[in-house]
Every structure is written in structure tokens, then in C-alpha cells.
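Given next are the chains, with one letter for each unit.
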Amino acid sequence: MEPSPHILVVDDEREIREPLAKYLVKNGLRASIAAGATDARKEIKTSAIDLVVLDIMMPGEDGLSLCRYLRETTDIPVILLTAMAEDTDRVVGLEIGADDYLTKPFNPRELLARIRAVLRRANAVPHSREAAAGERLKFGGWVLDLDRRELVDGDGVAAPLSTAEFKLLAAFLRRPGIVLSREQLLDLTSGRGADVFDRTIDNQVSRLRRKIEADPKNPVLVKTVWGGGYMFAVDVGEAP
């Protein structure tokens, strides 16, 4: 029997995080709590976390910064908790890859439903290889530095990548040889809460191919799998 999904609740308000964790446990999930980003980072490193419920407005490092860190280093889904009036934070959160959001005050039952929906989507996405700190990945004459978000060719010349192109390339490099549907790529790069469509992925793939393929019209790195999506078709290794 597989263990229940492990949820990390990150909120600086004790009267929110502790009752919410108890409610999740009462409804069949495992739950841990963190009062801020520092405690959350420690918990993520030491425990197998399946989803993070993350408050945006926290003292010290805020939720947006922690969400950005999670998106760059892990595949852990994130649901943001936002203040009712903070539309800008909600939009920024979705842009950097949060999977969903809920405004405070919220109904715990609705949050539970959203957690289960996000976990269902996440379980449909193939797991990636773990990204180590400072990792640099090599492929087809290129090297991508995941920390610096820098792509260089064999001569050390940098090729600028937009945020969307970087996220898409990183998603491919962490899952070489695996066919990824457009929906899965949306989950990995944008989060399903974002106002994007399948065609967005096609456009991003086209732009990425123009950056990394010798002949974008006859790609050998990012292959189209008709009826399936896209696949990164060359070996990926660690660069020194």
C-alpha cells in the first residue's frame, strides 16, 4: 500500500498552518508545517514532499521567492495562498510556475479539492532526474547551466533564452527519451492555473528549435511525436 501524499503547509500564521495541517491529516493526507521559507527549505531537503501549500506574504523570504526556487530545482507542485486584494502577486505566482492559487480567507474543503486535482495532474507527468546544485547539462554540442540559466555552445558562446524557453529546455533535458504531451509540458513550464493553451507550447518549441537546432525545419534534438507531443531525442549528461 502506497503512503498518502505528503503536503507541506508554509504559512507564518500559526492559526492557519496548524489547523489546516490537522484538517489534511483528518482527510487522509500526511502533513508537515513550516513557519517560513527557511524552515520550508529544510523540510523539502529532508522529506519527500508531494505538494506545497504556500503563503505569499511572509516575513523574510516571501512565498514568490520560494516558489521560484521550487520551480527551478524541483517538480513539486505549488498552491499559493494569496490575500484577496493582491492580484499582482497571484499573476506573478502563476507566471513563475505555481500550479494553482486560493485567496484568503478560504474554505479548507475547497483547498483539499484543489490539492487532489493538482496531485492527479502531477502524477500524470513523468518524473525527472534530480537537479543538483550548480548542475550543468550537456547535449548535442550545448551546455545548459541550470543555476545561471545560461546556454552556451561548444565554443563557449552564449545563446540567450527567454524564461519560457529556459523552462521548456530544462523540462526536456530532465526527461530525455520520454514523450511529453502538450498538456504535460504546460504543467511543467506554466502550471495549469495559467491562462495558456496547447498552441503556446507549439510556439515555444518552434522558438527553442531556432536557438538549438542546426536545421530547425529538420530537428534532431526536439522531435515531434505525432499524436503524442514532443520528445528530447539525444543523450543528456552532466558537464564538468
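How each quantity is defined
Residues numbered from 1 in each chain as written. Predicted model: local features only at pLDDT ≥ 70, side-chain atom pairs only at ≥ 80, totals over all residues. Heavy atoms only, no water. pLDDT = per-residue confidence, 0-100. Helix = DSSP H or I, 4+ residues; strand = E, 2+ residues; numbered from the N terminus. Contact = heavy atoms within 4.5 Å. Pairing = 2+ DSSP bridges. Axes fitted to C-alpha atoms, helices over the stretch in contact; angles between N-to-C directions. Phe/Tyr/Trp six-rings, centres within 6.5 Å; stacked < 30°, edge-to-face > 60°. Buried < 20%, exposed > 50% of the residue type's maximum accessible area, 1.4 Å probe, protein only. Lys NZ or Arg CZ within 6 Å of the ring centre and 35° of its normal.

Asks: Can you lay out the confidence of the model for the protein chain for me, pointing to particular residues and giving the numbers?
Replies: On average, the protein chain scores 85 in pLDDT, and the residues at 70 or more come to 88%. The spread of mean pLDDT over the elements of the protein chain runs between helix α4 (residues 87–95), the lowest at 71, and strand β1 (residues 6–10), the highest at 96. Confidence over residues 192–197 falls short of pLDDT 50; this stretch has 12 contacts with residues more than four positions distant or in other chains.

Asks: Kindly report on the sheet that holds strand β8 (residues 150–152), identifying the contributing residues and their values.
Replies: Strand order in the open sheet formed by four strands is β8-β7-β6-β11, and the pairing between neighbours is antiparallel. Two strands bound the open sheet, and with one partner strand each, they are β8 and β11 (237–238). The sheet contact formed by strand β7 (residues 142–145) and β8 spans three bridges and is antiparallel. Counterpart to Leu144 in the pairing with β8 is Leu151. Lying on the sheet, helix α6 (residues 163–173) is in contact with β6 (136–139), β7 and β8; it crosses β7 at an angle near 110°.

Asks: Describe the packing of aromatic side chains, listing the residues and the values that go with them.
Replies: This model, assessed by the stated rule, comprises two aromatic pairs. Ring geometry for Phe139 versus Phe232: centroids 5.4 Å apart, planes at 75°, classification edge-to-face. Residue Phe139 is located in strand β6, and its partner Phe232 is located in strand β10 (residues 229–232); the two are separated by 93 residues in the primary sequence. The burial state of Phe139 is the same as that of Phe232; both residues are buried. The residue whose ring lies beneath Arg41 is Tyr69, and the NZ or CZ to ring-centre distance is 3.9 Å.

Asks: Describe the sheet that holds strand β3 (residues 51–55), naming the residues involved and giving the relevant values.
Replies: If you trace the five strands from one edge of the open sheet to the other, you get β2-β1-β3-β4-β5, paired in parallel fashion. In the strand order of this sheet, the two ends are held by β2 (30–34) and β5 (100–104), each with one partner. For this sheet, the mean angle separating the axes of adjacent strands, direction not counted, is 20°. Looking at chain direction, strand β4 (residues 78–83) and β5 are connected through five bridges and run parallel. The residue of β5 that forms the bridge with Ile79 is Asp100. Relative to the sheet, helix α2 (residues 37–46) contacts β1, β2 and β3, its axis offset from that of β1 by approximately 165°. Here helix α5 (residues 108–123) sits on the sheet and contacts β1, β3, β4 and β5; the angle it forms with β5, its principal contact strand, is near 170°.

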